[in-house]
There are 2 protein chains.
Amino acid sequence: MTLWAVEGLPEIQPGDDLAALIGDAVGDLQDGDILAITSKIVSKAEGRIVQAADREAAITAETVRVVATRGTTRIVENAWGQIMAAAGVDASNTADGTVLLLPENPDRSAYDLCLALRERFGIRLGVVITDTFGRPWREGQTDVALGAAGMRVLDDLRGTRDAAGHELHVTQPAVGDEIAAAADLVKGKANGTPVAVVRGLGHYVTDEIDSGGAQPLVRKADADMFRVGSTEAWDEGYRAGLQAADQGD
Amino acid sequence: MTLWAVEGLPEIQPGDDLAALIGDAVGDLQDGDILAITSKIVSKAEGRIVQAADREAAITAETVRVVATRGTTRIVENAWGQIMAAAGVDASNTADGTVLLLPENPDRSAYDLCLALRERFGIRLGVVITDTFGRPWREGQTDVALGAAGMRVLDDLRGTRDAAGHELHVTQPAVGDEIAAAADLVKGKANGTPVAVVRGLGHYVTDEIDSGGAQPLVRKADADMFRVGSTEAWDEGYRAGLQAADQGD
């Protein structure tokens, strides 16, 4: 597996044809290559820019459900079920006085980019749109797959056998997130190279462009043991306990 | 950045000199290379094998704190503050009737391997011991850094500036976890190649072997908004609410 950052991409502006600009900068591609594209430039091309004065309102507007709050930090769920800090509303790498929202529909953005790039190069390519998420329990952030097209994001090994002959019961490597994380190591945050090529994982690239997107990586509510912050859950239980006692037992 | 799996490593047995076996199989290394080593073979070499009949007892023994339970799934914190399912006690890729514990001290294991491999090859190498963790909110698993030596696992960008000149306030890429995730893409789970070489990230390799290990990736309790499962926190709050009402208000 080989990964490298794409050099020479111009500063992206609202209305830019991002697929064309990436296609111009990316050089030779091979069948099965995956392009990891930072969501920020997708948002910029889509004009997802609002005034910084509205940052808190923008976070609220992007929020479907508040997961946890502490101080000024808000962990929220957005329309696509993705859970992250501040709904991904970002003030870095934007013009002064503005903030950037996430792409309106990251899987659709990935689809459009994948379609345009496959048509241009005439080969099967995968696209993953990446964003930087914090995690419970662990310090630092890793890049994850916010949107995807033309590739699988979960590698379902359930039912296959390990080297000792045992069935791998629960193993579903989140390859979309692992590819996003790997690409972050070569893109970097500060050096203005928001696109990377990942070569050597063609077995995850699909014939179809519509491969289910990144949604298989989003856990459904009923399977999630950490739907709300510990403090929020405790407070809710406490109120329920008071109320239950109040109604007489 | 280039990554590849190391071929030709024999099945590891308790008491094996793992550094020597890896050194024999790995071929030419360059200064700044990082070796990603699956914890399973470290555990095997260290003889961390117990009878499968004791699996539940083994999980309990490895547990410092229960984070959340649902059905037979136990999410727990171990002695190193790492939070994972079943304390990492694993029945895959082991002989029938046995299960494998995690290495007793993953950072020490990484240190010993890094020291032996640096001495053998006479160059600066990094070592990351990887394990496969689930995550809240997201389906599938990613590999993370359980132990590390000779390398930094957090890339602290706080105070540096992005391409637009803004300070990157909170950005600390969890490069140890991202390297583990990237390596998983070439090691695979089912094909018996538990070691990968990661080339091109020499800027994270340190002169010192004792670089703080993987502990900087472990979030401290007071900074964590998801210390216990939502149900557990709710139940605890409910009991507190009942009790408060009981004591009269």
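These figures come from a predicted structure and were not determined experimentally.

### Observations regarding the sheet that holds strand 6 (residues 83–85) of chain A
Residue and element names in this part refer to chain A.
Phase 1: Ordered by their spatial adjacency, three strands build an open sheet running 4-5-6, and the pairing between neighbours is antiparallel. Every other strand in the sheet has two partners, leaving strand 4 (65–70) and strand 6 as the edge strands with one partner each. Adjacent strand axes in the sheet meet at a mean angle of 20 degrees, parallel and antiparallel pairs treated alike.
Phase 2: The pairing of strand 5 (residues 73–77) with strand 6 spans three bridges and is classified as antiparallel. Paired with Val 76 across the two strands is Met 84, which belongs to strand 6.

### Some remarks on the nonpolar core
Phase 1: Within the largest apolar cluster, 48 residues are counted, with the highest numbers of intra-cluster contacts made by A:Met1 and B:Met1.
Phase 2: Where this core is concerned, the elements lending two or more residues are strand 2 (34–38), strand 9 (138–149), helix 5 (175–187) and strand 10 (195–199) of chain A together with strand 2 (34–38), strand 9 (138–149), helix 5 (175–187) and strand 10 (195–199) of chain B.
Phase 3: Among the nonpolar cores identified, the runner-up in size contains 25 residues, and B:Ile41, B:Val42, B:Ile129 and B:Ala149 belong to it.

### Regarding the packing of helix 6 (residues 230–246) of chain A against helix 6 (residues 230–246) of chain B
Phase 1: Interaxial distance between helix 6 of chain A and helix 6 of chain B falls to 6 Å at its minimum, and their mutual angle equals 35 degrees. Considering the relative orientation of helix 6 of chain A and helix 6 of chain B, their crossing is right-handed. Note on element contacts: helix 6 of chain B touches helix 6 of chain A through B:Ser230, B:Ala233, B:Trp234, B:Glu236, B:Gly237, B:Tyr238, B:Ala240, B:Gly241, B:Leu242, B:Ala244 and B:Ala245, opposite A:Ser230, A:Ala233, A:Trp234, A:Glu236, A:Gly237, A:Tyr238, A:Ala240, A:Gly241, A:Leu242, A:Ala244 and A:Ala245.

### Some thoughts on the interface of chain A and chain B
Phase 1: In this assembly, 79 residues from chain A lie in contact with 79 residues from chain B.
Phase 2: Buried area between chain A and chain B, summed over both chains or domains, comes out near 6800 Å², and the portion from carbon and sulfur atoms is 58%.
Phase 3: The interface formed by chain A and chain B contains six salt bridges.
Phase 4: Of the charged contacts in the structure, one is a salt bridge between B:Asp177 and A:Arg135, with a shortest N-O distance of 2.7 Å.
Phase 5: In this assembly, chain A and chain B are joined by 38 residue pairs in polar contact (both at pLDDT 80 or more).

### Quick look at the sheet that holds strand 5 (residues 73–77) of chain B
Residues and elements named next belong to chain B.
Phase 1: The antiparallel open sheet is built from three strands, whose spatial order is 4-5-6. Sheet topology places strand 4 (65–70) and strand 6 (83–85) at the edges, where each strand pairs with a single neighbour. Going across the sheet, the axis of each strand differs from the next one's by a mean of 20 degrees, ignoring polarity.

### Side note on the packing of aromatic side chains
Residue and element names in this part refer to chain A.
Phase 1: Tallying each qualifying case throughout the model produces four aromatic pairs over all chains.
Phase 2: Plain terms: the ring middles of Trp 137 and Phe 226 are 5.0 Å apart, the flat faces sit at 80 degrees to each other, and that makes the pair edge-to-face. Remark: Phe 226 occurs in the loop between strand 10 and helix 6 and Trp 137 occurs in the loop between strand 8 (126–135) and strand 9; sequence separation between them is 89 residues. Residues Trp 137 and Phe 226 agree in their burial class; the two are buried.

### What about the confidence of the model for chain A?
Phase 1: In the predicted model, chain A carries a mean pLDDT of 93, and 96% of its residues have values of at least 70.
Phase 2: If you check the scores for this complex, the pTM reads 0.95 and the ipTM reads 0.94.

### Some points on the environment of B:Val42
All names here are of chain B.
Phase 1: Note that Val 42 resides in helix 2 (residues 39–45).
Phase 2: With relative accessibility at 2%, the residue Val 42 sits in the buried group.
Phase 3: Along the primary structure Val 42 and Ala 240 are separated by 198 residues, whereas in three dimensions their C-alpha atoms are 44 Å apart.
Phase 4: Excluding residues within four positions of it along the chain, Val 42 makes contact with Leu 18, Ile 37, Pro 103, Ser 109, Leu 113 and Ile 129.

### What to know about the pattern of salt bridges
Phase 1: Scanning the model with the defined rule gives 34 salt bridges over all chains in all.
Phase 2: Residues A:Arg227 and A:Glu77 are paired through a salt bridge, measuring 3.0 Å at the closest nitrogen-oxygen approach. Of this pair, A:Arg227 sits in the loop between strand 10 and helix 6 while A:Glu77 sits in strand 5; the two residues are 150 residues apart in sequence, bridging distant segments of the chain.
Phase 3: Here A:Glu77 falls in the buried class, since its relative accessible area comes to 13%.
Phase 4: The shortest N-O distance in the salt bridge between A:Arg219 and B:Glu139 comes to 3.1 Å. With A:Arg219 in the loop between strand 10 and helix 6 and B:Glu139 in strand 9, this residue pair bridges two chains.
Phase 5: In this structure, a network of salt bridges that share partners links the residues A:Arg65, A:Glu77, A:Asp224 and A:Arg227.

### Here's the deal with the pairing of strand 2 of chain A
All names here are of chain A.
Phase 1: Most of strand 2 sits out of view: five of its five residues are buried.
Phase 2: Going residue by residue along strand 2, you find Ile 34, Ala 36 and Thr 38 tucked away on one face and Leu 35 and Ile 37 tucked away on the opposite face as well.
Phase 3: For strand 2 and strand 8, the ladder comprises five bridges, and the chain directions are parallel. Counted as the bridge partner of Thr 38 is Thr 130 from strand 8.
Phase 4: By the bridge criterion, four bridges tie strand 2 to strand 10 in an arrangement that is antiparallel. Along strand 10, the bridge assignment pairs Ile 37 with Val 195.

Criteria and cut-off values
Residues numbered from 1 in each chain as written. Chains lettered and ligands numbered in written order. Predicted model: local features only at pLDDT ≥ 70, side-chain atom pairs only at ≥ 80, totals over all residues. Heavy atoms only, no water. Pairing = 2+ DSSP bridges. Helix = DSSP H or I, 4+ residues; strand = E, 2+ residues; numbered from the N terminus. Axes fitted to C-alpha atoms, helices over the stretch in contact; angles between N-to-C directions. Core = buried A, V, L, I, M, F, W, Y, C linked by side-chain atoms within 4.5 Å. Buried < 20%, exposed > 50% of the residue type's maximum accessible area, 1.4 Å probe, protein only. Left-handed = near helix turned anticlockwise from the far one by under 90°. Contact = heavy atoms within 4.5 Å. Buried area = accessible area lost by both parts, 1.4 Å probe. Salt bridge = Lys/Arg side-chain N within 4 Å of Asp/Glu carboxyl O. Polar contact = N/O pair within 3.5 Å; in protein donor to acceptor, adjacent residues only side chain to side chain. Phe/Tyr/Trp six-rings, centres within 6.5 Å; stacked < 30°, edge-to-face > 60°. pLDDT = per-residue confidence, 0-100.

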